[in-house]
Amino acid sequence: GQNIDQPTEMTATEGAIVQINCTYQTSGFNGLFWYQQHAGEAPTFLSYNVLDGLEEKGRFSSFLSRSKGYSYLLLKELQMKDSASYLCAALDGSYQLTFGKGTKLSVIP
Amino acid sequence: ETGVTQTPRHLVMGMTNKKSLKCEQHLGHNAMYWYKQSAKKPLELMFVYNFKEQTENNSVPSRFSPECPNSSHLFLHLHTLQPEDSALYLCASSQDRGGYNEQFFGPGTRLTVL
């Protein structure tokens, strides 16, 4: 079956860098998504990786290693508004998206 | 209206009630999804529609009944629900099913079953 693991909670300081890890096991693989979800709001798309390596998009970067079944989301220059849950989701061989439980990030002054 | 909208935003119902959740997307997408989000659990895919045809039903109890009259609208009909069905129900859409297709989510309906 499908399995996505990511830490439940993390805390980081404003202005710092934080890395949120995700490991996945899926039947087939067609890519890895990261979504951001503020409390009480809809998840919003952050990134998509299907090839190994790092994709950078402003303050956010996402990394994928297909051989290790591993991804991370890197957030730089943290701001208070980055406090949210970050959802890792893997697209399996039948193009079904399986989500992890999410990592609740708290940014403190 | 832009993006994906859902109504109602909040719903409280008894176990014997019948209610419906509505989702509408204004993105010209062809695939629509229902997800359930419970506290401390991952987002669970319930149903998928692609070009108005249901392509997936992830072993969802029959007390949840989806309807997709056209590519822009998706309904979730609810009847004789259980308290454990209380959750946030999210609708999403994407260009189509398959390949890399970012899913756009609506704000969700917070459902409480008494």
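Everything numeric in this text was worked out from a predicted model, so none of it was measured.

Q: Looking at this model, I keep getting lost on the pattern of salt bridges. Mind explaining?
A: Residues and elements named next belong to chain A. Counted under the stated rule, the structure contains 5 salt bridges over all chains. One salt bridge in this structure joins Glu-56 and Lys-76, with 3.6 Å as the shortest N-O distance. Within this pair, whereas Glu-56 is found in strand E6 (residues 53-57), its partner Lys-76 is found in the loop between strand E8 (70-75) and strand E9 (84-91), the two being separated by 20 residues in sequence. Classification of Glu-56 by relative accessible area gives exposed; the value is 56%.

Q: Looking at this structure, how should I read the state of the cysteines?
A: The bond known as a disulfide is covalent and runs between the sulfur atoms of two cysteines. Counted by the stated rule, this structure contains 2 disulfides over all chains. Linked covalently through their sulfurs, Cys22(A) and Cys88(A) form a disulfide whose S-S length is 1.9 Å. When the S-S torsion is -70°, as for the bridge of Cys22(A) with Cys88(A), the disulfide is left-handed. On the criterion of sequence distance, the pair formed by Cys22(A) in strand E3 (residues 18-25) and Cys88(A) in strand E9 is long-range, its members being 66 residues apart. One disulfide in the model links Cys23(B) with Cys91(B); its S-S distance is 1.9 Å. Here the S-S torsion is close to -70°, and the disulfide linking Cys23(B) with Cys91(B) is therefore left-handed. Here Cys23(B), found in strand E3 (residues 18-25), pairs with Cys91(B), found in strand E9 (residues 87-94); they are 68 residues apart in sequence, far enough to count as distant. For the pair formed by Cys23(B) and Cys91(B), the shared burial category is buried.

Parameters and conventions
Residues numbered from 1 in each chain as written. Chains lettered and ligands numbered in written order. Predicted model: local features only at pLDDT ≥ 70, side-chain atom pairs only at ≥ 80, totals over all residues. Heavy atoms only, no water. Salt bridge = Lys/Arg side-chain N within 4 Å of Asp/Glu carboxyl O. Helix = DSSP H or I, 4+ residues; strand = E, 2+ residues; numbered from the N terminus. Buried < 20%, exposed > 50% of the residue type's maximum accessible area, 1.4 Å probe, protein only. Disulfide = S-S within 2.5 Å.

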